[in-house]
Amino acid sequence: MLTTRPRGTNDILPSEAGKWHYLEELLRLVSKQYGYQEIRTPVFEHTELFQRGVGETTDIVEKEMYTFTDRGERSLTLRPEGTAPTVRAFLEHKMYANPQPTKLYYIGPMFRYDRPQAGRYRQFHQYGVEVFGSNDPSVDAEVIAMAMDIYERLGLTGLTVELNSVGCPVCRPRHREELQKFLEKNKAKLCPTCQGRYEKNPMRILDCKNPGCQELTQGAPTTSETLCKDCSTHLEKVQSYLQALGVPYVLNPRLVRGLDYYTGTAFEITAQGIGAQSSIGGGGRYNGLISQCGGPDTPGIGFALGMERILLTLEQQGLILPTKEMIHVFIAALGKEAQTKAFTLAQSLRQKGVIVERDYLGRSLKAQLKAADRLEAVLTVILGDEEIKKNTGIVRKMANSEQVEIPLDDITAYLIEELQKEGVR
Ligand code: AMP
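Basis of the calculations
- Residues numbered from 1 in each chain as written.
- Predicted model: local features only at pLDDT ≥ 70, side-chain atom pairs only at ≥ 80, totals over all residues.
- Heavy atoms only, no water.
- UniProt positions renumbered as here; feature names shortened; annotations may be inferred.
- Helix = DSSP H or I, 4+ residues; strand = E, 2+ residues; numbered from the N terminus.
- Polar contact = N/O pair within 3.5 Å; in protein donor to acceptor, adjacent residues only side chain to side chain.
- Buried < 20%, exposed > 50% of the residue type's maximum accessible area, 1.4 Å probe, protein only.
- Contact = heavy atoms within 4.5 Å.
- Pairing = 2+ DSSP bridges.
- Axes fitted to C-alpha atoms, helices over the stretch in contact; angles between N-to-C directions.
- Parallel < 35°, antiparallel > 145°, perpendicular 65-115°, else oblique.
- Left-handed = near helix turned anticlockwise from the far one by under 90°.
- Nonpolar A, V, L, I, M, F, W, Y, C, P; charged D, E, K, R; others polar.
- Disulfide = S-S within 2.5 Å.
- Phe/Tyr/Trp six-rings, centres within 6.5 Å; stacked < 30°, edge-to-face > 60°.
- Lys NZ or Arg CZ within 6 Å of the ring centre and 35° of its normal.

Attention now goes to the UniProt feature "binding site: L-histidine" (unreviewed entry) in the protein. When the UniProt feature table is mapped onto this chain, "binding site: L-histidine" (unreviewed entry) is found at Glu81, Gly82, Thr83, Arg112, Gln126, Glu130, Arg257, Tyr261 and Tyr262. Within the element layout of this structure, Arg112 appears in the loop between strand E5 (102-111) and strand E6 (123-132). Among the polar contacts made by the side chain of Arg112, one reaches the main-chain carbonyl oxygen of Pro80 at a distance of 2.8 Å. On the basis of relative accessible area, Arg257 is assigned to the buried category, the value being 12%. When near neighbours in sequence (up to four residues on either side) are disregarded, Arg257 contacts Arg204, Asp207, Tyr262, Ala266, Phe267, Glu268, Gly282 and Gly283.

In structure tokens:
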């Protein structure tokens with residue numbers, strides 16, 4: 001127990017942290033370029049937010065939430081997704097009173113009690129964006145294109161965008177009726193969860209992972225057959241905008257996605273070769289969510305990308321992110337006095353923004369130079385008793401082993417200049 005992490009969680013080890021930094025930096029850069037600002041919400045929220053916001057008939061709320069009662073007898077839940085908390089913050093801070101649209105992004109851990117397997121964890125990380133305040137179909141196309149832009153900048157290939165419209169409060173009731181009619185005679189054969197969904201939200205049955213339910217819904221009426229005029233026009237426009245941007249997609253009329261709050265556009269992006277958990281991102285419109293949470297009638301759209309699955313797909317496709325954590329200067333010191341000098345020189349260089357490493361173990365000069373090599377330092381400063389007597393240090397360029405002796409008083413300026421010449425600062 002004491003030496004094992006909880007099932008379904010991961011340690012991000014120092015050797016992997018570089019990949020995460022690279023990915024997070026890219027996500028922040030792309031967010032900025034598309035005009036999104038970051039929001040950070042708490043890791044836990046009132047349970048009711050997810051019950052109401054994600055939906056009572058979803059897998060997340062029915063089976064996957066980490067819910068607990070705190071010492072004040074409140075029911076709290078570790079966030080299973082980022083949209084409901086973002087909507088909550090939008091309302092709580094009255095962001096709807098600002099000029100619209102509001103464009104927000106988040107990066108952080110999410111928690112779902114699901115059966116762990118490759119690419120599916122109980123704690124995982126999502127990057128997501130939300131646009132509140134516009135129902136324009138070009139926004140739908142833009143967020144899909146933005147997700148694809150991210151994957152493409154990482155070098156990922158072979159991805160598919162699946163697109164659908166799940167309808168709106170005008171056309172959903174008709175779909176519901178037709179679906180119930182279709183399933184009526186097989187109602188008793190549905191899994192227990194779907195038997196409950198039959199009355200409450202039959203559309204969810206199309207999304208059930210149970211093979212029996214999947215078979216029973218073969219040939220079932222899809223949302224696309226019952227779309228109202230507004231929804232079908234909206235979907236057509238989203239498609240023509242995607243075509244204008246050159247983003248390929250396939251229509252999947254069975255795509256309903258796992259969350260209840262979607263209206264209209266729903267999409268999912270899948271990658272080949274990462275096994276059963278092939279969805280690396282997804283999202284859609286949720287024009288009813290903000291008013292359902294007690295806010296003004298405001299349309300919304302967003303997506304969430306699974307960061308572990310992005311990294312997994314990169315690995316599967318043999319792509320290595322350029323994440324080398326570079327050391328600028330290694331300070332090798334021999335003898336007591338030299339070590340003291342190395343100690344203070346390291347600190348003053350770091351305060352000037354130089355990445356510095358030094359020997360902590362009193363090793364031989366040979367061993368210290370080996371360490372500098374292993375860390376791929378650009379420059380190494382060698383401080384021996386001889387040099388200290390002369391108040392100098394030797395600077396060695398690691399790429400070609402060229403050495404020069406520099407007065408210690410000038411060494412900081414010299415190192416910074418040399419690093420600039422090497423293009424590393
Ligand atoms: P969702 O919030 O369910 O729409 O999921 C959005 C994305 O998050 C998915 O496309 C996955 O990439 C990722 N994701 C969802 N659940 C998990 C999980 N249990 N483990 C890892 N990634 C997940």
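Overall, mixed pairing links the 5 strands, which are arranged E13-E12-E14-E15-E16 in an open sheet. At either end of the open sheet lies a strand with only one pairing partner, and these are strand E13 (356-358) and strand E16 (403-407). On average, each strand axis in the sheet is inclined to that of its neighbour by 25°, with strand direction left out of account. Across the sheet, helix H13 (residues 365-374) lies against strand E12 (329-333), strand E14 (379-383) and strand E15 (392-397), angled at about 175° from E12, the strand it touches most. Here helix H15 (residues 408-421) sits on the sheet and contacts E12, E14, E15 and E16; the angle it forms with E16, its principal contact strand, is near 135°.

Let us look at the packing of helix H1 (residues 14-33) against helix H11 (residues 307-316). Viewed as axis vectors pointing N to C, H1 and H11 meet at an angle of 115°, and their least axial separation amounts to 11 Å. Relative to H11, H1 is oriented roughly perpendicular. For the pair H1 and H11, the crossing hand works out as right-handed. Every residue of H11 that contacts H1 at Lys19, Trp20, Leu23, Glu24 and Leu27 is listed here: Met307, Glu308, Ile310, Leu311 and Glu315. For the contact of H1 with H11, the class distribution of residues is 6 nonpolar, no polar and 4 charged.

We now examine the state of the cysteines. In total, this model carries 0 disulfides according to the counting rule given. Unpaired in terms of disulfides, Cys171 finds its nearest cysteine sulfur in Cys228, a separation of 3.7 Å. A disulfide-free cysteine, Cys231 has its sulfur positioned 3.5 Å from the sulfur of Cys168, the nearest such atom. A relative accessible area of 9% means that Cys231 is categorised as buried.

Quick look at the packing of aromatic side chains now. Note on aromatic pairs: each is described by the distance of the centres and the angle between the planes. The tally for this structure, following the rule as stated, stands at 7 aromatic pairs. Ring geometry for Tyr127 against Phe303: centres 6.1 Å apart, planes inclined by 55°, an arrangement best described as tilted. With Tyr127 in strand E6 and Phe303 in strand E11 (residues 300-306), this residue pair connects regions lying 176 residues apart in the sequence. Of the two residues, Tyr127 and Phe303, both sit in the buried class. Each residue in the set Phe90, Tyr96, Phe132 and Tyr286 is aromatic and connected to the rest through ring pairs, giving one cluster. If you follow Lys185 out to its NZ or CZ, it ends over the ring of Phe182, 6.0 Å from the centre.

For the rest of this paragraph, the subject is the pairing of strand E9 (residues 265-271). Across the 7 residues of E9, 7 count as buried, placing the element largely inside the fold. Going residue by residue along E9, you find Thr265, Phe267, Ile269 and Ala271 tucked away on one face and Ala266, Glu268 and Thr270 tucked away on the opposite face as well. As paired strands, strand E7 (residues 159-165) and E9 are joined by 7 bridges and run antiparallel to one another. The residue of E9 that forms the bridge with Asn164 is Ala266. Sheet analysis places E9 next to strand E10 (residues 279-285), joined by 5 bridges and oriented antiparallel. Residue pairing for E10: Ile269 is matched across the bridge by Gly281.

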